[in-house]
Amino acid sequence: MKDKKSNLTRRSFLKATGAVAAGIQIGAVAGAGLAAGSDPSTLTGWQHLGDNTQFVDRSKLVLKGKPYTIVGETRRCEYVESPFGRNSYMMRNMMEQRREKMKRQEIEDDYVRDVAPEGGQRAEPSGPQKPSFPELNSFSGPLLDFYKKFPEIYELDKIRTESIMPKRSEDLKKYGDYYTLIDAWANAWGTSERITEPPEISDFKLGRRSIPDPLPFKSPKHASELLKKVTHHFGASMVGITKLNPDWCYNHSLRGSKNRGAYEKPEHWKYIIAFGVPHQWEQVQSNPNMGTSSDAYARSTIAARRLETYIKSLGYAARRHSPMDGYDLVAVPILVDAGLGQQGRHGVVVTPETGSNFRVAFVTTNLELEIDKPIDFGVNEFCTTCKICADICPSQSISHADTNEGMNTRGYNHWEINQTSCYNYWMQSMGAMGCRLCIIACPYSRKNNWLHALARKADTGDPTGLVNDGLTWMQEKFFDTPEAAEYLPPPDGRFATFRDPPEWLQVSKYLDMNPLDPTKGQ
Amino acid sequence: MFTTSMLLMLIIGLVTVPLVMGAVALTRDMKLNMNWWKWTLTGLWYFLLLFCIYLDFTFMGEGEIAAAWKLLLFEGVILLILGVGLVRILLSGRSAV
């Protein structure tokens, strides 16, 4: 009897524990799902740009007392106290001295030309000169005052100039090759010049100087591997390489050319590195009236400037083509050639990673590279049945045709859109102008989380088209989206957005203003 | 964030032990005469339930609240039908009390 009672109790305990465990598990899975959907690291491909990069709650670390203890009379910092500040003063001093020297030289030259006997020559300095730090009294102004006040710093600066820096030059001659790639990398993060000269000149210049001698790569494969890695580090989410088809170059308006007339593709534009960066996902979903292209434009441009400088630092010609520096080429076919994606019904490229949500830049170069191949993950088939972008387009610029057969753009067959009516709608939109609705409405343009990764995987691996149909059906039936006309200006529409803008784009949340909200029909 | 941590995954794994023990105790109490294929079907149904919850809450996390609810309703009907079928199968093999 006692045993039976004990058994019953144990079993009841197990059942109760099991029920609690099931509850915990279901709750935990729900929490994990919520986190998977809202995790900012899924927003922008590889980049982690969400506010949870600052993950420490500083309110719990607030200092109780004062952060600084005052121990004397407080004052502002003098610029000469910093070594960099002294460098700048020193440069100014040296420039002044040089100008004076040049003046003296002109007087001497005049004397040699006008007074000295024929053949009179000035003595040339012989052998390399040892760098010497100027005498204390040759300085002037704040720098002289500072050195007089802190003679020990004068001595340290003198040692740096006369011993440390020459030793470094010697070391660089001996070991510099070992540090070639970090030099190129560091150069890349520096500034880049505006393109003001034709490719034959500007592509071979690094700043004001010519590019150095080309460094030998082990093979084109090694070169491609390295360039792809650094392009990702420079901010690109996806990178591909191809040979440049001359048909993809604009026929006129070459940047840096004087007459901007017709031109042949420059010989040294052998290869092209194509790369893309997605828009910030929350703002791009708020298109057409609460979105912008500027964020991804800027990021892809910065990546292009860095890559161009990097390639030039390795001794090869390079020219960037980017949203903020201009293009000498047409983007879409190059992206297709470079294997980044396929062209969709909406005329832009769809990638397997971020769908159409990305902006591109390119760098043309003569560095021998291993090229990528075009890819096929079923976009053509998907687009023939989907038509979501065509349905939602406020200007009806995207074709509803069942196939792109018969479409002909400069001799090439692919999906084409009415660019002019599309552009006319841009001019009607609010906010930062433009539209981008087709980019975000495309079912491929989804975040990089498990759910969409799984859908993409299932879709690309399904030869029957059932997953295609299923995803399109889900997109149409489950997701509430304004109708095409709602995106138009009032009175025909209400300046609708594809999704509600994130709170950081809502004026009423942060500004003490009460603007008219056209989306509510005011 | 705790909800994206490996610790949460560990907890989800750990609670599976008492959950299975409780399920075994329950089936014995109900004299369901479970065998390998009944456990497989039950496990699959439970996995589907967890998967649907994970899916719906991922949509909610993305801000697609309407889609999440519609999907939950859709999945709920399917899970209910499958659940009723599973219970009927399990009860059909029940021993006489």
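Structure first, text after, so check above.
Residues numbered from 1 in each chain as written. Chains lettered and ligands numbered in written order. Predicted model: local features only at pLDDT ≥ 70, side-chain atom pairs only at ≥ 80, totals over all residues. Heavy atoms only, no water.

Participant: Residues and numbers for the overall build of chain B, please.
Facilitator: Helix and strand content of chain B: four helices and zero strands. The linear arrangement of helices and strands in chain B, starting from the amino end, is α-α-α-α. A compact globule built from 97 residues should have a C-alpha radius of gyration of about 13 Å, whereas chain B, at 16 Å, is more than 25% larger. Taking the principal axes of the C-alpha coordinates as reference, chain B spans close to 50 × 30 × 20 Å. Residue burial in chain B is summarised as follows: out of 97 residues, 32% are buried. Here the contacts in chain B between residues at least 6 apart in sequence split such that 62% fall between residues at least 24 apart. Approximately 5,900 Å² of chain B is accessible, and the part contributed by carbon and sulfur atoms is 79%. (Helix = DSSP H or I, 4+ residues; strand = E, 2+ residues; numbered from the N terminus. Rg over C-alpha atoms; globule rule 2.2 N^0.38 Å. Buried < 20%, exposed > 50% of the residue type's maximum accessible area, 1.4 Å probe, protein only. Contact = heavy atoms within 4.5 Å. Areas by Shrake-Rupley, 256 points an atom, 1.4 Å probe, with all protein chains shown as cover.)

Participant: Which residues make up the packing of helix α15 (residues 450-460) of chain A against helix α3 (residues 36-62) of chain B, and what values go with them?
Facilitator: Following both chains from N to C, one finds α15 of chain A and α3 of chain B inclined at 110 degrees, their axes separated by 10 Å at the closest point. Classified by the angle their axes make, α15 of chain A and α3 of chain B are roughly perpendicular. On the side of α15 of chain A, the interface is formed by Trp450, Leu451, His452 and Leu454 of chain A, while α3 of chain B contributes Phe51, Tyr54, Leu55, Thr58, Phe59 and Glu62 of chain B. The class makeup of the residues in the contact of α15 of chain A with α3 of chain B is seven nonpolar, two polar and one charged. (Axes fitted to C-alpha atoms, helices over the stretch in contact; angles between N-to-C directions. Parallel < 35°, antiparallel > 145°, perpendicular 65-115°, else oblique. Nonpolar A, V, L, I, M, F, W, Y, C, P; charged D, E, K, R; others polar.)

Participant: Break down the sheet that holds strand β5 (residues 318-321) of chain A for me, citing the residues and quoting the values.
Facilitator: Residues and elements named next belong to chain A. With respect to topology, four strands assemble into an open sheet ordered β3-β4-β8-β5, the strand pairing being antiparallel. Unpaired on one side and paired on the other, β3 (238-243) and β5 mark the two borders of the sheet. Ignoring which end each strand starts from, the neighbouring axes of this sheet average 20 degrees apart. As paired elements, β3 and strand β4 (residues 271-277) share six bridges and run antiparallel to each other. Counterpart to Ile241 in the pairing with β4 is Ile273. Contacting β3 and β4, helix α7 (residues 220-233) crosses the sheet at an angle of about 140 degrees to β3. The strands that helix α9 (residues 294-313) touches are β4, β5 and β8 (359-365); relative to β8, the one it contacts most, it runs at about 15 degrees. (Pairing = 2+ DSSP bridges.)

Participant: So what about the environment of Glu81 of chain A? Which residues, and what values?
Facilitator: Residues and elements named next belong to chain A. By the secondary structure assignment, Glu81 is in the loop between α1 (2-38) and α2 (83-114). According to the relative accessible area criterion, Glu81 is partly exposed, its value standing at 30%. Separated by 87 residues in the primary sequence, Glu81 and Arg168 place their C-alpha atoms 24 Å from one another.

Participant: Requested: an account of helix α5 (residues 180-188) of chain A, with residues and values cited.
Facilitator: Residue and element names in this part refer to chain A. Buried within α5 we find Thr180, Ala184 and Ala188. The arc that holds the buried residues of α5, viewed along the axis, is 75 degrees, so those residues lie on one side. Packing partners of the buried residues in α5 comprise α9. (Arc of directions from axis to C-beta.)

Participant: Explain the packing of aromatic side chains residue by residue, including any values.
Facilitator: All names here are of chain A. On inspection of all chains with the given rule, the structure shows 26 aromatic pairs over all chains. Relative to Tyr147, the ring of Phe133 lies with its centre 6.3 Å away and its plane at 80 degrees, an arrangement referred to as edge-to-face. Highlighted residues: Phe133 in the loop between α2 and α3 (141-149) and Tyr147 in helix α3, separated in sequence by 14 residues. Judged by its relative accessible area of 3%, Phe133 is buried. The residue whose ring lies beneath Arg92 is Tyr89, and the NZ or CZ to ring-centre distance is 4.9 Å. (Phe/Tyr/Trp six-rings, centres within 6.5 Å; stacked < 30°, edge-to-face > 60°. Lys NZ or Arg CZ within 6 Å of the ring centre and 35° of its normal.)

Participant: So what's going on with the nonpolar core? Residues and values would help.
Facilitator: Residue and element names in this part refer to chain A. Judged by nonpolar contacts, the single largest core of 24 residues is most densely connected at Leu227, Ile273, Phe275, Leu307, Tyr310, Ile311 and Leu369. At the level of elements, α5, α7, β3, β4, α9 and β8 are the ones that each hand at least two residues to this core. Here the element with the most residues in this core is α9; it accounts for five residues. Setting aside chain neighbours within four positions, we find Tyr310 in contact with Leu181, Ala184, Trp185, Ala188, Leu226, Leu227, Val230 and Phe234. Ranked by size, the runner-up nonpolar core spans 22 residues in total, among them Phe382, Cys383, Tyr444 and Phe498. (Core = buried A, V, L, I, M, F, W, Y, C linked by side-chain atoms within 4.5 Å.)

Participant: If you had to explain the side chain of Thr365 of chain A to someone new, which residues and values would you point to?
Facilitator: Residue and element names in this part refer to chain A. Secondary-structure assignment places Thr365 in strand β8. Reaching out from Thr365, the side chain makes a polar contact with the backbone oxygen of Ala317 at a distance of 2.7 Å. At a separation of 3.1 Å, a polar atom in the side chain of Thr365 contacts the main-chain amide nitrogen of Leu367. When sequence neighbours within four positions are dropped, the list of residues in contact with Thr365 reads His268, Trp269, Lys270, Tyr271, Ile273, Ile311, Tyr316, Ala317 and Ala318. (Polar contact = N/O pair within 3.5 Å; in protein donor to acceptor, adjacent residues only side chain to side chain.)

Participant: Could you give an account of the pattern of salt bridges, with specific residues and numbers?
Facilitator: Once their charged atoms are close, side chains differing in charge can pair, the charge on each being opposite to the other. Residues and elements named next belong to chain A. According to the stated counting rule, one finds 24 salt bridges over all chains in the structure shown. In this structure, Arg305 engages Asp325 in a salt bridge whose closest nitrogen and oxygen atoms are separated by 3.0 Å. Taken together, the residues span a long stretch of sequence, with Arg305 in helix α9 and Asp325 in the loop between β5 and α10 (331-337) at a distance of 20 residues. In this structure Arg305 comes out as partly exposed when scored by relative accessible area, which is 29%. (Salt bridge = Lys/Arg side-chain N within 4 Å of Asp/Glu carboxyl O.)

Participant: So what's going on with the interface of chain B and chain A? Residues and values would help.
Facilitator: Between chain B and chain A, the residue contacts involve 35 residues of the former and 36 residues of the latter. Across the chain B/chain A interface, buried area totals approximately 3,300 Å², and carbon plus sulfur atoms make up 73% of it. Put simply, chain B and chain A have four salt bridges between them. One salt bridge connects Asp29 of chain B with Arg11 of chain A, and the closest N-O pair in it is separated by 3.1 Å. Listing elements by their share of the side of chain B that touches chain A, those giving two or more residues are α1 (6-14), α2 (16-29), α3 and α4 (65-92) of chain B. (Buried area = accessible area lost by both parts, 1.4 Å probe.)

Participant: Any details on unusual backbone geometry? Residues and values, ideally.
Facilitator: Cis geometry marks the peptide bond from Asn287 of chain A to Pro288 of chain A, where omega comes out at 5 degrees. Here Pro288 of chain A lies in the loop between α8 (281-284) and α9. With an omega of 10 degrees, the peptide bond between Pro490 of chain A and Pro491 of chain A qualifies as cis. Relative to the assigned elements, Pro491 of chain A resides in the loop between α16 (466-478) and α17 (507-510). You will see that Gln396 of chain A, though not glycine, has its phi angle at about 50 degrees, which is positive. With respect to the helices and strands, Gln396 of chain A occurs in the loop between α12 (388-392) and α13 (419-426). With phi around 50 degrees, Lys31 of chain B is a residue other than glycine that occupies positive phi space. As for its position among the elements, Lys31 of chain B is in the loop between α2 and α3. Residue classification places Lys31 of chain B among the partly exposed positions, given a relative accessible area of 37%.

Everything listed is a geometric property; what it means functionally is a separate question.
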